[in-house]
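# Results of the structural survey
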Amino acid sequence: MAAPCCHGCWLLPLLMLLAAAGALGAEGASLVLVQLDVESLLPSTAAASCPTPQEQRPGAATATRMPIVHQHGPCSPLADKHGKKAPSHTEILVADQRRVEYIHRRVSDTTGRVRRQKQSAPVELPPGTPSSSTPASSLSSSATSTNLPASSGRALNTGNYVVPIRLGTPAARFTVVFDTGSDTTWVQCQPCVAYCYRQKEPLFNPTKSTTYANISCTSSYCSDLDSSGCSGGHCLYAVQYGDGSYTVGFYAQDTLTLGYDTVKDFRFGCGEKNRGLFGKSAGLMGLGRGSTSLPVQAYDKYSGVFAYCIPATSAGTGFLDFGPGAPAAVNARLTPMLVDNGPTFYYVGMTGIKVGGHLLSIPGTVFSDAGALVDSGTVITRLPPSAYEPLRSAFAKGMEGLGYKTAPAFSILDTCYDLTGHQGGSIELPAVSLVFQGGACLDVDASGILYVADVSQACLAFAANDDDTDVTIVGNTQQKTYSVLYDLGKKVVGFAPGAC
Ligand SMILES: *[C@@H]1O[C@H](CO)[C@@H](O)[C@H](O)[C@H]1NC(C)=O
């Protein structure tokens, strides 16, 4: 069933169905429920049958589509067949917390919000790292040629999704992480002067591409970078991530192939010193709102429109579409993109949360004071404590009414259930919906309500921020199966259900 926008709007017909099925809450209070196939969220023991996803034109000449898969899922081209294990749930959630802390720092730095400062130690970069030519306003005063503040870095990419691209002429194929939380695209390049992490595919070799060119230090493209330098007249870039991971190298241009489309003279980082938690991906695709990002560079071709769908399970395949012909660009429920809230991120106005079809009583100022952004790379949605607490308590009450056994907290998740005994079957959960300005809403798919660390520990997949002033982040677990649309031209973000 294609989920209607906000279960509550459909309360009456659903109520009648539920009443017929005897599925009313404990106190007779009506509760909109969603069905979850428990087995679908457990690691499959059978060998996954991974379809060979094809790049395609999604029914329109103005769009191109690429398949996306979970970086560590069984269908990932990066999956390690030689025994190296994917990160554990604990590791994923710890990395997720670091990403969130980084986003909070960056948002508070750029909006000047008055908030409790978190300690962020500057991270040492190796000798030879480009010096910063970034305007002083965006770097802290502690920035020196070899010492960039952690707050200038971008976020981590551990528990995330990858997409195939091709680069150069002839085109070489790479699998990269895609990230709406950063702007600059980069791949690891030959020669790796100091260190490259191990990647699955061969490194990009600029000397083998007839269309590769270095960008000059005097080019305005070089000054577009947040952090740049100069070597022999050639522009250097550096991106540093919150945990000390980084990529450094030449800022270059070459032909980028996305599905059947090519973007000529696409500017990206040719990384010669790279270290960090990028799995075995070849690099990263930056989908933020900054001038170096792919949707901004390819604005003429795609009008600043892209959409992706994150599959329900880590064994599933979703898609990343570019262009106004993408199906999601036509079907989505829209909410304004709040472009004045700060750079890079996709800010939206969140206005409420529904549990079981009932709007929780949370003052609107709780959401408007914190602000909210939609992120492809954060796993678990983060809410202001004053919004999380009513959500947690309404959900727990609903689950109690349905007779579920509680389980201990897991990492950052504090509302957990023991689903032992429900394997092989399907269960019912209170519906959860996020409501946005303009009436757009995200009726979280059943696959995005619980984070199933283990069948005996399935937890509400939301967490509270430390402080009500920290920005709300709509994470990718809650975006599952939706086509999430970003339209830089029309300045809207949209959600279309049942897309993958
Ligand atoms: C790009 O710059 C590097 C470093 O100076 C140089 O080795 C390489 O030949 C340059 N490539 C091109 C195509 O100019």
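Here goes a summary of the coordinates provided. Source: prediction; values computed, not measured. Throughout, a residue's number is its position along its own chain's written sequence, starting from 1. Local features in this predicted model are restricted to residues whose pLDDT is 70 or higher, and side-chain atom pairs enter the listing and the counts only when it is 80 or higher, whereas totals over whole chains, interfaces and linings include all residues. Only hydrogens and water are set aside; all other atoms, that is, all heavy atoms of the structure, feed into the side-chain values.

### Describing the nonpolar core
Quick note on the threshold: Side-chain atoms within 4.5 Å link the members of a nonpolar core, which is a set of buried Ala, Val, Leu, Ile, Met, Phe, Trp, Tyr and Cys residues. The rule is simple: take the accessible area with a 1.4 Å probe, protein chains only, and divide by the maximum for that residue type; under 20% is buried, over 50% is exposed, in between is partly exposed. Labels follow the DSSP assignment, with helices taken as runs of H or I lasting at least four residues and strands as runs of E lasting at least two, numbered in each case from the N terminus. Those domain boundaries reflect an automatic or database domain assignment. In this description, contact between two residues means that some pair of their heavy atoms is separated by no more than 4.5 Å.
Counting residues in hydrophobic clusters, the biggest one holds 85 residues, and the most contacted among them are Leu 258, Met 285, Leu 320, Phe 322, Ile 353 and Leu 391. The biggest single contributor to this core is helix α8 (residues 385-401), with 6 residues. In this structure, this core is formed jointly by two domains, domain 1 (15-19 + 32-38 + 333-496) and domain 2 (68-114 + 132-322), each of which donates at least three residues. Apart from the residues within four sequence positions on either side, Met 285 is in contact with Val 163, Ile 165, Val 176, Val 177, Phe 178, Asp 179, Thr 185, Leu 258, Leu 294, Leu 320 and Phe 322. With 13 residues, the next largest nonpolar core counts Val 379, Ile 380, Leu 413 and Cys 459 among its residues.

### Regarding unusual backbone geometry
The omega torsion of the bond from Thr 169 to Pro 170 falls at -5 degrees, within 30 degrees of zero and hence cis. Relative to the elements of secondary structure, Pro 170 occurs in the loop between β5 (161-167) and β6 (172-179). A cis amide bond links Gln 190 to the next residue, Pro 191, at an omega of -10 degrees. As for its position among the elements, Pro 191 is in the loop between β7 (186-188) and β8 (213-214). Unusually for a residue other than glycine, Thr 481 sits at a positive phi of about 75 degrees. Position of Thr 481 among the secondary structure elements: in the loop between α9 (476-479) and β31 (483-487). Given a relative accessible area of 7%, Thr 481 falls into the buried group. Unusually for a residue other than glycine, Lys 491 sits at a positive phi of about 55 degrees.

### Some details on the environment of Gly 229
Note that Gly 229 resides in strand β9 (residues 228-231). Along the backbone, Gly 229 and Cys 217 are 12 residues apart, and their C-alpha atoms lie at a distance of 7.5 Å.

### Thoughts on the side chain of Thr 257
Residue position: Thr 257 is located in strand β11 (residues 246-258). Accessibility expressed as a relative area gives 10% for Thr 257, which makes it buried. Once residues lying within four places of it in the same chain are set aside, the contact partners of Thr 257 are Ile 165, Arg 166, Ala 171 and Thr 262.

### Description of the site of the ligand
For clarity, the cut-off: Being near a molecule or strand, for a residue, means having at least one of its heavy atoms within 4 Å of it. Here a polar contact means two N or O atoms within 3.5 Å. Within protein one must be a hydrogen donor candidate and the other an acceptor candidate, and residues neighboring in sequence count only if both atoms are side-chain atoms. Computed with the Shrake-Rupley method and a 1.4 Å probe, the accessible areas treat only the protein chains shown as cover for residues. Under the grouping applied here, Gly and all other residues not named as nonpolar or charged are polar, the nonpolar ones being Ala, Val, Leu, Ile, Met, Phe, Trp, Tyr, Cys and Pro and the charged ones Asp, Glu, Lys and Arg.
As a structural note, the neighbourhood of the ligand is formed by Tyr 212, Asn 214, His 234 and Phe 250. Contacts to the ligand include Asn 214, whose side-chain N or O atom sits 2.3 Å from an oxygen atom. A distance of 3.0 Å separates an oxygen atom of the ligand from a polar side-chain atom of His 234. Protein chains bury 42% of the 360 Å² of accessible surface belonging to the ligand in isolation. In terms of residue class, the shell around the ligand is built from 2 nonpolar, 2 polar and no charged.

### What about the state of the cysteines?
Applied cut-off: The term disulfide is used for any two cysteine sulfur atoms that are within 2.5 Å.
Scanning all chains against the criterion turns up 6 disulfides. The side chain of Cys 192 participates in a disulfide bridge whose partner is Cys 196; the two sulfur atoms lie 1.6 Å from each other. One disulfide, between Cys 192 and Cys 196, carries an S-S torsion of -75 degrees and so falls in the left-handed class. Judged by relative accessible area, which is 24%, Cys 196 ranks as partly exposed. The disulfide that involves Cys 416 links it to Cys 459, with 2.1 Å between the sulfurs. Of note, the bridge from Cys 416 to Cys 459 carries an S-S torsion of about 105 degrees and is right-handed in sense. Taken together, the residues Cys 416 in strand β23 (residues 416-418) and Cys 459 in strand β28 (residues 457-460) connect sequence positions 43 residues apart.

### Considering the sheet that holds strand β22 (residues 405-407)
Keep this limit in mind: Two strands are said to pair when DSSP picks up at least two bridges between them. Axis definition: a line fit to C-alpha positions, over the contact stretch in the case of helices; interaxial angles, taken between N-to-C directions, run 0 to 180 degrees.
What the 4 strands build is an open sheet, ordered β22-β23-β28-β27; its pairing is antiparallel. The open sheet has two edge strands, β22 and β27 (450-454), and neither has a second partner. The average undirected angle you get between the axes of adjacent strands in this sheet is 35 degrees. When β23 meets β28, the two strands line up antiparallel, connected through 2 bridges. Residue Tyr 417 lies in a different strand from β28, and its bridge partner there is Ala 458. Contacting β23, β27 and β28, α8 crosses the sheet at an angle of about 135 degrees to β28.

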